[in-house]
Every structure is written in structure tokens, then in C-alpha cells.
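This is what each chain is made of:
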Amino acid sequence: MRVKQKQEISLAGLKVEIPTAAALIKPLAEAGFIKVIQRRVFRDPLGDPVEPDRPPELTAEQTAVVKQVQDRHGQGFAAFLLTGVTGSGKTEVYMRLVSDVIENGKKAIVLVPEIALISQTERRFRARFGERVAVIHSALSRGELLDQWRKISLDKTDIVIGARSSVFAPFDHIGIIVVDEEHDTSYKQETGLRYNARDLALVRGKLSGCPVLLGSATPSLQSYQNVVLKRFEELKLESRINRNPLPEITLVDLKKYKDGRPDQRIITPELSKAVRQCLDKGDQALIFLNRRGFSTFPVCRECGKALTCRFCDITLTLHKGCNEYRCHLCGCGVPVDTACPECKSKKIRPLGFGTEKVESMLKERFPDARIARMDQDSTSRKGDVVRILKSIRNRTVDIVVGTQMLAKGHDFPSITLVGVICADLSLSLPDFRAGERTFQLLAQVAGRAGRGDTPGRVIMQTYNPDHFIIEASRKQDFHEFFHNEAPFRKALMYPPFSRMTQLKISGPDSGKVKAYAGVLEAILKNLLDNEAPFKGRVQVLGPVEAPIQKISSRFRWQILIKSPSSALVNRLVRSVLDHPRAKPKPGFILSVDVDPYFLM
Ligand SMILES: [Zn+2]
Ligand SMILES: [Zn+2]
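Residues numbered from 1 in each chain as written. Chains lettered and ligands numbered in written order. Predicted model: local features only at pLDDT ≥ 70, side-chain atom pairs only at ≥ 80, totals over all residues. Heavy atoms only, no water.

J.: What should I look at first to understand the overall build of the protein in this one?
T.: Helix and strand content of the protein: 18 helices and 24 strands. On C-alpha atoms alone, the protein measures out to a radius of gyration of 27 Å, which is about the 25 Å that the 2.2 N^0.38 rule sets for 600 residues. Dimensions of the protein along its principal axes, counting C-alpha atoms only, are 80 × 65 × 60 Å. Out of the 600 residues belonging to the protein, those deemed buried represent 50%. (Helix = DSSP H or I, 4+ residues; strand = E, 2+ residues; numbered from the N terminus. Rg over C-alpha atoms; globule rule 2.2 N^0.38 Å. Buried < 20%, exposed > 50% of the residue type's maximum accessible area, 1.4 Å probe, protein only.)

Structure follows, in C-alpha cells:
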């Protein structure tokens, strides 16, 4: 009956209605009542139906940018850096160029940071290009991923949009490669085959002889230096698409609450007042803190020792949601009623705070508001991210608290207030990119405010209101940031003014790892002293113990190699690896990270 009504139905669909369907099919087919056919179906990674859209009219700025790229069509490889303020309509520029390429019978690859992809880019591309889009990201099940790759290899698609691995899409005639939010660190694969998808996109563009368009409101120093060197052409979008001004950013100096009540240092009276006003208007607020958990520094009241992970060299974080102290490096957990390993006292003081604590404080202060939290802990199951993003879009939450997952690329028109709990968190990390990342994160999160019709407001709490990075973020001025930061890097010979490779050494025994690092040091020294091309042109820093000395019971050392010439760095590293004494003993690992991002 059901089959007759539907004409055609999948076995899975039929089983939902008639559980015994599988057993009935064979006799029915043999009797000629039904026909069994096999067909490959593509699962749709989207939950919601997507309404087709029509391309809007471009602004004058967008048109000019599109034309600059189009003018270079057919002339082989060219690299562009599109610097547009947040909300300036970069995606529309990408879509116009992609559509142009497809009309000419070629293919397009569009790389997007995963989280932005899930929230909206996928939807926008599907609305515009329909079934000819394949989408690749890690929220897909293995089966869904296989379907997407198969769709690409069977030539059933013209466009791949996806996270970093999409750069390998098996296309033959590529017409354009786009890398959105090119500064995003998620393009760097940190395990197994280490690569940076942004850099590979440029390589692939050269091989395919097509333009590569990198885009960002907060470009990486690396890419902007390529503009300075005239390797990339800069394209600019200087105004927001709806002509809204950029949000007004107010700095709140946390030093003035230094001696006040502790909760005032987390949510200052200024921020509290702004949230109240925002709620009273019926708008939404986004509260940003790039640190998760409830207490990030649990300390024993008796002996004063901080609780640390048994396997790693870091403090545990209290997660009230799961009643555990957790290690953010190896993931191991300790029950919340654990006694101090030092003095066996059970009195542990929860110092330090993360998103979970901020969420609970907001609940106390604004009992009438609906509050959601978005961080790695609240999104551990498949579908969690989509659910939270949907609740923001559908306005079933009033305040959303979150980490950098919330800062990236989302477009929520009803968010008119962004509160940054502590702008300085990542400033002092022992990493030469700490300033760059802080600027990118702050400028990006501020850009989430006021994307609809109402102008936005940002309250940025900081201990360093005079720091040039905080100031550049306040103005959302990338060029100011660049002109202040670049001289530091140049003076210290850090990328983009040099090429850098890191040798990461780890092993189960502290003393032996150190000894092994010493062996590598001797090999390096010998090469530097005796081989002419390296002399004075390659610098070796270390070996030193890594800032995080131990992860998952493995002790870690590192050596940094830098030089203005990447060929020399590569040659030196190769010579070390080929040296018979450099081979790691069983249980020890020597890995090579070219252009490292994780220096801790
Ligand atoms: Zn103790
Ligand atoms: Zn650990």
C-alpha cells in the first residue's frame, strides 16, 4: 500500500512504518507486485530545508573587488588578500567569483574554518548553488563524509566547501581557490601529516594556474607581509554591508576593581549595566571568555598547593557540570571530592574562573534571562553546536557565554552587545604569535556586535588598556596592529621575517629525553660549525624544555631552527634526520614541525 502511494521508497524509510518490511519484500518482488532497485543516495548534512536565493546587487566596493579578480582570469596563478572589516560582505564576493568560474566550466574550492562553516557558510552556498556543492567538515559522520568525497570524485559537484582537508579535493580543472578567515589557526593540522591548508591552497593554485583569494578582517602577519612584498595583491572592503558603523568599543580598566569584591572583577558594574539595558530592549548579548571550566586554579586551603594533572605539567580545571577536575591537555578526570595529594586535606579552594563560572554568575544576576554556554565542554556530542547556534538564531536564548568557538564568523543580527570578560588572557603566553592571536580574537569577537539593523556595543574588560594590541583591537584597525607588531618580529627574526622549523622531542623518561636533546644539539653544532652554507645564516635556539614540560606522561624538549632562507632550514633539518645518531630510541619521538603554531 505504502509503496503504491509513494511510487518509490527506500527500504530504511519503509522499515520505519512497517518493521517487518525486509521479510515481505522478496516474496512481493517475486510475485511482481514491486520492483527492487538499487540507487546511491547522498545524505544531506544539513538539518533544515534550504530555500534557494538569488544573488543580491553588489555594493560598489564589492563590484570593484570582484572585477579586480576577474580581470586576472585566464592569466594563470595570482594571489589576492581580501581585507574587509567584519560584516563587510566577503562571502558574497566569494560566491560571485565562484559562480563566474562555474559558468566557465571550472571547479572551485572554498576553505572555511569549521565552526563558521557549520553555522552559516554551508547554508549560503547551498542556497545559491544547490546540489552542486559538496561539504566537508568533522561534524559529519563517516558515512556522510564518504558520500561527500564520492560525490566529488564522481564529478557530481562543482564546488567543495569545507575545513582544511578540502584543499585535497580531487578536482582537475580548478578555476579558483578561496580561503576565508585565512588567519585562522584551525587551518594548521597539528598531528600526523602536519600541514597548513592556507599555504597548500597557494601551492595548489600555482599548480592549477588559477587565482587564490585569501580573505580576513584580521589577516595573518604572514599574509600581510606578502602584500608588502607585492607577492599578494590587496583587495579592500572598507565599509559594512548595511552601512552600519562598526560597534562602539568601551574599555573597562580592571585595575580599578582590584581590591573590590571578586565578582566585580569578573562582571564589572559597567558590563552588568550594559547587559541589563540590552535585555530590557529585547536584544541578545554575547559574553566572551577564552577559558573554559568553573575554576581554573583549584588550590588546597591547608598546604597551598595547586591541584595538577598526574600526567601533565598543568593545573587541573574544575568542571561543575560533570563534577570533576579535568586536565585540558590529556583529558583525564579526577572526582570532585578528591583530597589534596600533598597533605590529604579535602578543603580545596576554587580560584580562577572560566566560562562555566561566568555562566553561573550571569544566572544569579539575571534570573529572568535565558542563558546558554558554548565551549568545548557544552558541545561534546554531535549536534550540540548546531543546536546552540540555532537557539541563538531563533532567539530562544538571551545571553550566550562562550570561548573562541563563538568569536568566529557567525552572523547573528540580534546580538547588539558583546562583553569581553578578560581581554588580556592570551597576551602573555610564551609564544611570539600571542599578540597577533589576541588582536585577531578581540577584533573578531567585537565584530559579532551590531550586524543587524541596530548598531552594536562592545564592553572590553582589560588590565592593560594602554597596550597597543588592545588599542588596535578597540579601533579594529589591522593596519595599526601590523605597523606596531612587524618591527618586533623583524628585530627578533621571527616569521614572517624568517623561516622557522621546530624539532619536538618527547619520551617517557625525563633524564633520557634531555640526553637525547643533547645528542641532537651536538649534531646540529657540528653541522653549523663545519658546513659553510649554514655559517651565520641559520640560527638554532635550544634545546630547551618545552613551556609545558610534560603532556600525557611524556617529557618534552624542543629546538627551534630559523633562517631567512627556508631552503637552508630544510637542508639542515634533513642533515640532522639523516644522521645515524639522531634516530630516536624506541618510545622516544622526534617530530619536525615546519612553521610551527603550537610552541608551548
Ligand atoms: Zn594540601
Ligand atoms: Zn593531563
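Additional details are given in the paragraphs that follow.
J.: Sorry if this is basic, but what is going on with the packing of helix α15 (residues 468–475) against helix α16 (residues 478–491) here?
T.: Geometry of a packed helix pair, given as the angle between the helix axes and the separation of the axes. For the pair α15 and α16, the least separation of the axes is 9 Å and the interaxial angle reads 155 degrees. Relative to α16, the element α15 is oriented roughly antiparallel. As α15 runs across α16, the sense of the crossing is left-handed. In contact with Phe468, Ile469, Glu471, Ala472 and Lys475 of α15, α16 contributes Glu480, Phe481, Asn484, Glu485 and Phe488. Tallied by class, the residues present in the contact of α15 with α16 amount to five nonpolar, one polar and four charged. (Axes fitted to C-alpha atoms, helices over the stretch in contact; angles between N-to-C directions. Parallel < 35°, antiparallel > 145°, perpendicular 65-115°, else oblique. Left-handed = near helix turned anticlockwise from the far one by under 90°. Contact = heavy atoms within 4.5 Å. Nonpolar A, V, L, I, M, F, W, Y, C, P; charged D, E, K, R; others polar.)

J.: What is the right way to look at the coordination of the zinc ion (ligand 2) in this model?
T.: In an ideal octahedron of six donors the angles at the metal are 90 or 180 degrees, and in an ideal tetrahedron of four donors they are 109.5 degrees. Cys309 (SG), Cys312 (SG), Cys327 (SG) and Cys330 (SG) make up the full set of protein donors to the zinc ion (ligand 2), lying at 2.2 to 2.4 Å. Metal-centred angles of 107 to 110 degrees between the four donor atoms at the zinc ion (ligand 2) mark the site as tetrahedral. Summarised as a motif, the one-chain spacing of the donors to the zinc ion (ligand 2) is C-x2-C-x14-C-x2-C. In this pair, Cys312 sits in the loop between β12 (297–300) and β13 (317–319) while Cys327 sits in the loop between β14 (324–326) and β15 (333–335), placing the two residues 15 residues apart along the sequence. (Donors = N, O, S within 2.8 Å, 3.2 Å for Na, K, Ca; no water. Tetrahedral: all angles 85-135°; square planar, octahedral: opposite > 155°, others 65-115°.)

J.: How should I be thinking about the confidence of the model for the protein in this particular structure?
T.: Detail in the predicted coordinates should be disregarded across regions flagged by low pLDDT. Looking at the protein, the pLDDT average stands at 87 and 94% of residues meet or exceed 70. This stretch, residues 40–46, has a pLDDT under 50; its non-local contacts, to residues over four places away or in other chains, come to 18 contacts. (pLDDT = per-residue confidence, 0-100.)

J.: Help me out: how do you make sense of the sheet that holds strand β10 (residues 248–253) in this one?
T.: The strands that make up a sheet are held in pairs by hydrogen bonds between backbone atoms, and each pair lies either parallel or antiparallel. Overall, parallel pairing links the six strands, which are arranged β10-β20-β19-β11-β18-β17 in an open sheet. The open sheet is flanked by β10 and β17 (371–374), the only strands paired with a single partner. Direction aside, neighbouring strands of the sheet carry axes that sit 15 degrees apart on average. Where strand β11 (residues 284–288) lies against strand β19 (residues 415–420), five bridges are found, and the strand directions are parallel. Counted as the bridge partner of Ala285 is Leu417 from β19. Where helix α11 (residues 269–280) meets the sheet, its contacts fall on β10, β11, β18 (399–402), β19 and β20 (457–462), and the angle it forms with β20 comes to roughly 160 degrees. Here helix α13 (residues 384–393) sits on the sheet and contacts β11, β17, β18 and β19; the angle it forms with β17, its principal contact strand, is near 140 degrees. (Pairing = 2+ DSSP bridges.)

J.: Explanation requested: the domain arrangement of the protein in the structure shown.
T.: Much of the literature gives interface size as the accessible area that the parts lose upon coming together. Along its sequence, the protein is carved into domain 1 (1–39), domain 2 (60–237), domain 3 (248–294 + 353–489) and domain 4 (499–594). When each unit is reduced to the centre of its C-alpha atoms, the spacing between domain 3 and domain 4 is 39 Å. (Domains from an automatic or database assignment.)

J.: I would appreciate a short explanation of the packing of helix α9 (residues 221–228) against α16 in the present structure.
T.: At a minimum axis distance of 11 Å, the contact between α9 and α16 shows a crossing angle of 95 degrees. By the angle between their axes, α9 is roughly perpendicular relative to α16. From α9, Leu221, Tyr224, Gln225 and Val228 reach across to α16, where they touch Phe478, His479, Phe481, Phe482, Glu485, Ala486 and Arg489. Classifying every residue of the contact of α9 with α16 by side-chain character gives seven nonpolar, two polar and two charged.

J.: I keep staring at the pattern of salt bridges and nothing clicks. Help me out?
T.: Between side chains of opposite charge, pairing is possible as soon as their charged atoms come close. Tallying each qualifying case throughout the model produces 42 salt bridges. Among the salt bridges present, the one from Arg489 reaches Glu436, with a minimum N-O distance of 2.7 Å. Highlighted residues: Arg489 in helix α16 and Glu436 in helix α14 (residues 434–446), separated in sequence by 53 residues. As far as burial versus exposure is concerned, Arg489 and Glu436 are alike and both buried. Linking Lys475 and Glu471 is a salt bridge whose minimum nitrogen-to-oxygen distance equals 4.0 Å. (Salt bridge = Lys/Arg side-chain N within 4 Å of Asp/Glu carboxyl O.)

J.: Where do I start with the sheet that holds strand β3 (residues 133–136) in this structure?
T.: Spatially, seven strands are ordered β3-β4-β2-β5-β8-β1-β9 in an open sheet, and the strand pairing comes out parallel. A strand with exactly one partner marks an edge of an open sheet, and here the two such strands are β3 and β9 (233–237). Neighbouring strand axes in the sheet, compared pairwise and without regard to direction, differ in orientation by 15 degrees on average. Where strand β2 (residues 107–111) lies against strand β5 (residues 174–180), five bridges are found, and the strand directions are parallel. Paired with Ala108 across the strands is Ile176, a residue of β5. Against the sheet, α9 engages β1 (78–84), β8 (211–216) and β9, with an angle of about 115 degrees to β1.

J.: Is there a simple way to think about the environment of Ala582 in this case?
T.: With respect to the helices and strands, the residue Ala582 is situated in the loop between α18 (566–578) and β24 (589–594). Distance from Ala582 to Glu521, taken between C-alpha atoms, is 9.9 Å for residues 61 residues apart in sequence. Setting aside residues up to four positions removed in sequence, Ala582 forms contacts with Tyr516, Leu520, Ile523, Val576 and Leu590.

J.: Explanation requested: the side chain of Glu234 in the structure shown.
T.: You can see Glu234 is positioned in strand β9. The charged side chain of Glu234 is buried without a salt bridge, its nearest counter-charge being Lys236 at 4.4 Å. A polar contact of 3.2 Å, which involves the side chain of Glu234, links it to the side chain of Tyr224. Looking at Glu234, its side chain comes within polar contact range of the side chain of His479, at 3.4 Å. Once residues lying within four places of it in the same chain are set aside, the contact partners of Glu234 are Gln68, Leu81, Thr83, Tyr224, Val227 and His479. (Lys, Arg positive; Asp, Glu negative; His and termini not counted. Polar contact = N/O pair within 3.5 Å; in protein donor to acceptor, adjacent residues only side chain to side chain.)

J.: Help me out: how do you make sense of the nonpolar core in this one?
T.: Note that soluble globular proteins tend to have their nonpolar side chains buried in a common cluster. Counting residues in each nonpolar core, the largest one holds 64 residues, and the members touching the most others are Leu111, Leu286, Met374, Ile392, Val418 and Val420. Among the elements that make up this core, the one with the highest residue count is α14 (six residues). Both domains that meet at this core, namely domain 2 (60–237) and domain 3 (248–294 + 353–489), each give it at least three residues. In contact with Val420, not counting residues within four places along its chain, are Phe288, Leu442, Val445, Ile459, Met460 and Gln461. Val65, Val98, Phe125 and Leu213 belong to the second-largest nonpolar core, a separate cluster that totals 28 residues. (Core = buried A, V, L, I, M, F, W, Y, C linked by side-chain atoms within 4.5 Å.)

J.: Looking at this structure, I do not really get the packing of aromatic side chains. What am I missing?
T.: Any pair of aromatic rings gets described here by the distance separating the centres and the angle formed by the planes. Within the structure shown, the criterion is met by eleven aromatic pairs. Residues Phe439 and Phe478 carry aromatic rings whose centres are separated by 6.4 Å and whose planes lie at 45 degrees to one another, so their mutual orientation is tilted. One end of the pair, Phe439, is in helix α14; the other, Phe478, is in helix α16, with 39 residues separating them in the sequence. Judged on exposure class, the residue Phe439 and its partner Phe478 are both buried. Each ring, one from Phe439 and one from Phe481, has its centre 4.6 Å from the other, and the planes form 0 degrees; the classification is stacked. In this pair, Phe439 is assigned in helix α14 and Phe481 in helix α16, connecting sequence segments 42 residues apart. Put simply, the rings of Tyr224, Phe439, Phe478, Phe481 and Phe482 touch in pairs and so form one group of aromatic residues. Arg291 extends its terminal NZ or CZ atom over the ring of Phe353, reaching a point 5.3 Å from the ring centre. (Phe/Tyr/Trp six-rings, centres within 6.5 Å; stacked < 30°, edge-to-face > 60°. Lys NZ or Arg CZ within 6 Å of the ring centre and 35° of its normal.)

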